[in-house]
Amino acid sequence: MDVGTVGGIIGGVLGLAGGVVGTYASIRNTGGPRERQFMVRAAVAAWVGITLFLVLLFVLPSPYRWLIWIPYGVALPLAIVYLNRKQQAIRSGEERARQS
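Undergrad: Which residues make up the pattern of salt bridges, and what are the values?
TA: One pass over the structure, following the stated rule, counts one salt bridge. With its nearest N and O atoms 2.5 Å apart, the salt bridge here joins Arg 91 to Glu 35. Linking Arg 91 in helix H4 (residues 69-99) with Glu 35 in helix H2 (residues 33-59), this pair joins segments that are 56 residues apart in sequence. Using a relative accessible area of 29% as the deciding quantity, one classes Arg 91 as partly exposed. We classify Glu 35 as buried; its relative accessible area is 0%.

Undergrad: Any chance you could break down the packing of H2 against H4 for me, citing the residues and the numbers?
TA: Running from N to C, H2 and H4 cross one another at 175 degrees; their axes reach a closest spacing of 10 Å. With respect to each other, H2 and H4 are oriented roughly antiparallel. Contacts between H2 and H4 involve Pro 33, Arg 34, Glu 35, Phe 38, Met 39, Ala 42, Ile 50, Phe 53 and Leu 57 from the first element and Trp 69, Tyr 72, Leu 83, Lys 86, Gln 87, Ile 90, Arg 91 and Glu 94 from the second.

Undergrad: Can you tell me about the layout of surface pockets, naming the residues and giving the values?
TA: In this structure, the largest pocket occupies an estimated 740 Å³ of space. Around the largest pocket, the lining is made up of 29 residues, and of these Ala 42, Ala 46, Ile 50, Leu 76 and Leu 83 lie nearest the centre. Mapped by element, the contributors of at least two residues to the lining of the largest pocket are helix H1 (3-28), H2 and H4. If one sorts the elements of the lining of the largest pocket by residue count, H2 sits on top with 14 residues. Of the residues contributing to the lining of the largest pocket, the split by class is 21 nonpolar, eight polar and no charged.

Undergrad: Explain the packing of aromatic side chains to me, and be specific about the residues and the numbers.
TA: According to the stated counting rule, one finds three aromatic pairs in the structure shown. When the centroid spacing of 4.9 Å and the interplanar angle of 80 degrees are considered together, the rings of Phe 53 and Trp 69 count as edge-to-face. With Phe 53 in helix H2 and Trp 69 in helix H4, this pair connects stretches of sequence that are 16 residues apart. Note on Trp 69: relative accessible area 42%, which makes it partly exposed. Ring geometry for Phe 53 against Tyr 72: centres 3.8 Å apart, planes inclined by 10 degrees, an arrangement best described as stacked. In this pair, Phe 53 is assigned in helix H2 and Tyr 72 in helix H4, connecting sequence segments 19 residues apart. Classification of Tyr 72 by relative accessible area gives partly exposed; the value is 22%.

Undergrad: Which residues make up unusual backbone geometry, and what values do they have?
TA: At the junction of Ser 62 and Pro 63, the peptide bond is cis and its omega measures out at 5 degrees in the coordinates. Here Pro 63 is to be found in the loop between H2 and helix H3 (64-67).

Criteria and cut-off values
Residues numbered from 1 in each chain as written. Predicted model: local features only at pLDDT ≥ 70, side-chain atom pairs only at ≥ 80, totals over all residues. Heavy atoms only, no water. Salt bridge = Lys/Arg side-chain N within 4 Å of Asp/Glu carboxyl O. Helix = DSSP H or I, 4+ residues; strand = E, 2+ residues; numbered from the N terminus. Buried < 20%, exposed > 50% of the residue type's maximum accessible area, 1.4 Å probe, protein only. Axes fitted to C-alpha atoms, helices over the stretch in contact; angles between N-to-C directions. Parallel < 35°, antiparallel > 145°, perpendicular 65-115°, else oblique. Contact = heavy atoms within 4.5 Å. 1 Å grid on protein atoms, 1.4 Å probe; cavity = no way out; pocket = protein on both sides within 12 Å on 5 of 7 lines; lining within 4 Å. Points joined across faces, edges and corners; volume = space filled by probe spheres on them. Nonpolar A, V, L, I, M, F, W, Y, C, P; charged D, E, K, R; others polar. Phe/Tyr/Trp six-rings, centres within 6.5 Å; stacked < 30°, edge-to-face > 60°.

Here it is in structure tokens:
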């Protein structure tokens, strides 16, 4: 094995571990049951979406493998903004319910 292959493997493992830790922390730091349920669903959707993107990146022939970046680059930021707003709305609703 050459240095590039080893670096790619180590980078992939570290990236996957970071994703797992980030997912765990996001779910653990929720404030209530509705928010936790939402975060679990959002995490599953994110893992499935990113896995699908990576599979397509590896199996599609050129130039389609490069074109797949266009919908990914648009959908990812939009999904992040939508999910953050939805989580904040759930969190606000749960705080109001606790205060009542």
